[in-house]
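Understanding the architecture of this molecule
So the chains spell out like this:
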Amino acid sequence: MRMARTAARTAARTAARAAVLAATLSVALFATTSYAQRPVRDAQQEAREILREVININSTSGTKGVHQLATRVAARLRAAGYAAGDVQLRGPSPELMAVVVRLRGRASGRKPILLMAHMDVVAARRSDWPFDPFVMLERDGWYYGRGTSDNKAGVATLVTNLVRWKRERWVPDRDVITVLTADEETNGASMAWLLAHVPMLRDAEYALNTDAGGGALDHGKPVSNAVQAAEKVFANFRVVATNPGGHSSVPRADHAIYDLADALSRFRAHRFSIRVNEVVRGYFAQSAATQTPEVAALMRAAAAQPTDLVAAEQLAARNPYWNSIMRTTCVATLLDGGHAENALPQRASALINCRMLPADPADSVLAVLRSALGAGVTVAQEGVVTPSPASPLRADVMGVVERLTTARFPGAVVVPEMSAGATDGLFTRNAGIPTYAVSSIFFEQGEPSREHGQEERVGVKAFHDGVAFWEAMVKALAGPPTIVP
């Protein structure tokens, strides 16, 4: 084993020196060969072991397991050769400690790149699963376990590559900063605190996030690889109907629950206006190549400037996701009403969860809700709404992703994406750091998502392809490889 590792290190150093001398080689050629020059079986085994380690720690949001995972990851990285000062646990409280890792680059004057993943997961009950959700299971070409796809595959991808880069003694042209956050699944206090208290994060030129994007397969054939460059903004609004109440034996026409139900029925029919931003235009323009001629024509029309609103409405009617990226959407998710089984309700309320386009301010959405719900109820915003401006489609980032996608996933087109959900990218974008989520883990399109659900899983091949993609992508963007003697 020791001889095999020595040979691997020697091969990696030789390959890296050759790459420096052959500076005229394209990024795609370097990225395609870099990973392949290592013993693939050993590399995949190490990635599998790291994924198993992080899955097997129950890091449900808000539990001590998040800190346990952070401590375990930090110990592995220090054992790999990172200085203690370059692997830190930072956060607002012991329960919300993130791992911040600095891979030091040369003093080239280039700003750092920030890499992102989150360690916390949503809860999973053993009684809901046919096996323990916090013990990784490999079966039929899948890795199963809570967090496999959201977002421990991302954690394992970054940790695996950080270990390899240190082993190879790779020194990039700029610092590569990695942050593994503690509470993305709740309110993001971990990332918000880090951006306020760890200056090197704010110095990043841009961020690469493992927690969105991803590839689509059509019967096993790669068709698209998404780069998330924007997110919709989430906000909650409380709708309340009130009434003096009374005894249930003497009902009246005025009734808090019925008033609320009537208001929600009116609201159900409302549709916000369609607006197509730069990211969504790019999504439709690129995705057209993967669709039938009829749908492709609609996508190109929706991507045109000005937008063909008739075509856009037809797309929205065909697919709930296409609808969600072109307009603000709001939906009632929680109900509460009444105080006793034999009393007329004095209060009934509903929570409306909105996912707003980046250009839609919360106060304008509140005004629309009040109008759509009508008289008889009050509407108020709950909590603070954090805007999430879209990131520009940088030619350097998109160009590398496109070249690597062509080399590694032939036939797949790169599409920019706006997520309907939110990630820690919400905070980095607000800090002025353009953020691009590029998980590059492929799933069969049309297959229901298992994130946050039962029997969450990620494909074995898809996971290892994603690890290799990220190694090549970061090396291409952070500069040519340099080996320390």
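A brief look at the structure comes next. The structure presented is a predicted model; accordingly, all values stated were derived computationally and were not measured.

About the criteria used
Residues numbered from 1 in each chain as written. Predicted model: local features only at pLDDT ≥ 70, side-chain atom pairs only at ≥ 80, totals over all residues. Heavy atoms only, no water. Buried < 20%, exposed > 50% of the residue type's maximum accessible area, 1.4 Å probe, protein only. Helix = DSSP H or I, 4+ residues; strand = E, 2+ residues; numbered from the N terminus. Pairing = 2+ DSSP bridges. Axes fitted to C-alpha atoms, helices over the stretch in contact; angles between N-to-C directions. Parallel < 35°, antiparallel > 145°, perpendicular 65-115°, else oblique. Left-handed = near helix turned anticlockwise from the far one by under 90°. Contact = heavy atoms within 4.5 Å. Nonpolar A, V, L, I, M, F, W, Y, C, P; charged D, E, K, R; others polar. Core = buried A, V, L, I, M, F, W, Y, C linked by side-chain atoms within 4.5 Å. Phe/Tyr/Trp six-rings, centres within 6.5 Å; stacked < 30°, edge-to-face > 60°. Lys NZ or Arg CZ within 6 Å of the ring centre and 35° of its normal.

**Considerations on the pairing of strand S7 (residues 206-209)**
- Taking every second residue as pointing to the same face, both faces of S7 are buried, with Tyr206 and Leu208 on one and Ala207 and Asn209 on the other.
- Sheet topology places strand S3 (residues 113-118) next to S7; four bridges connect them, and they run parallel. By the bridge assignment, Met116 is partnered in S7 with Asn209.
- In terms of strand pairing, S7 meets strand S17 (residues 435-437) through three bridges, oriented parallel. Looking at the pairing, Asn209 lines up with Ala437 of S17.

**Comments concerning the packing of helix H14 (residues 395-408) against helix H16 (residues 460-478)**
- At a closest axis distance of 10 Å, the pairing of H14 and H16 adopts a crossing angle of 140°. Classified by the interaxial angle, the pair formed by H14 and H16 is oblique. The two elements H14 and H16 meet at a crossing, and its hand is right-handed. Residues Asp396, Val397, Val400, Val401, Leu404, Thr405 and Arg408 of H14 form the contact with H16, whose participating residues are Ala468, Phe469, Ala472, Met473, Ala476 and Leu477.
- For the contact of H14 with H16, a count of residues per class yields ten nonpolar, one polar and two charged.

**Some points on the sheet that holds strand S12 (residues 329-337)**
- The four strands are arranged S12-S14-S10-S15 in an open sheet whose pairing can be described as antiparallel. With partners counted over all chains shown, the strands left at the sheet margins are S12 and strand S15 (378-382), one partner each. Recorded for the sheet is a direction-independent mean angle of 25° between the axes of neighbouring strands.
- Strands strand S10 (233-242), S12 and strand S14 (347-356) of the sheet are contacted by helix H8 (residues 256-268), whose axis makes an angle of about 20° with S14.

**A word on the nonpolar core**
- If you look at the biggest cluster of nonpolar residues, it comprises 92 residues, and the most contacted ones within it are Leu208, Phe284, Met326 and Met473.
- Per-element accounting of this core gives the leading share, twelve residues, to H16.
- Setting aside its immediate chain neighbours within four residues, Phe284 contacts Met299, Ala302, Ala303, Leu315, Trp322, Ile325 and Met326.
- Ala241, Leu264, Phe267 and Cys354 belong to the second-largest nonpolar core, a separate cluster that totals 25 residues.

**Some details on the packing of aromatic side chains**
- One pass over the structure, following the stated rule, counts nine aromatic pairs.
- Consider the rings of Phe131 and Tyr144, whose centres lie 5.6 Å apart with planes at 75°: the pair is edge-to-face. Within this pair, whereas Phe131 is found in the loop between S3 and strand S4 (137-139), its partner Tyr144 is found in strand S5 (residues 142-144), the two being separated by 13 residues in sequence. Taken as a pair, Phe131 and Tyr144 share a single burial class, namely buried.
- Three or more aromatic residues joined by ring pairs form one cluster here, namely Trp129, Phe131 and Tyr144.
- Above the face of the Tyr144 ring, Arg139 is positioned so that its terminal group lies 5.1 Å from the ring centre.

**Focus: the pairing of strand S6 (residues 176-181)**
- Summarising burial for S6: six of the six residues are buried, a large majority.
- Every second residue of S6 is oriented toward a common face, with Val176, Thr178 and Leu180 on one face and Ile177, Val179 and Thr181 on the other, all of them buried.
- Relative to S6, strand S2 (residues 98-103) runs antiparallel, the two being bridged by five bridges. Each residue of the ladder has a partner; that of Val99, found in S6, is Leu180.
- In the sheet, S3 pairs with S6 via six bridges, with the strands oriented parallel. Its bridge partner lying in S6, Met116 is registered against Val179.

So yeah, pure geometry; function would need other evidence.
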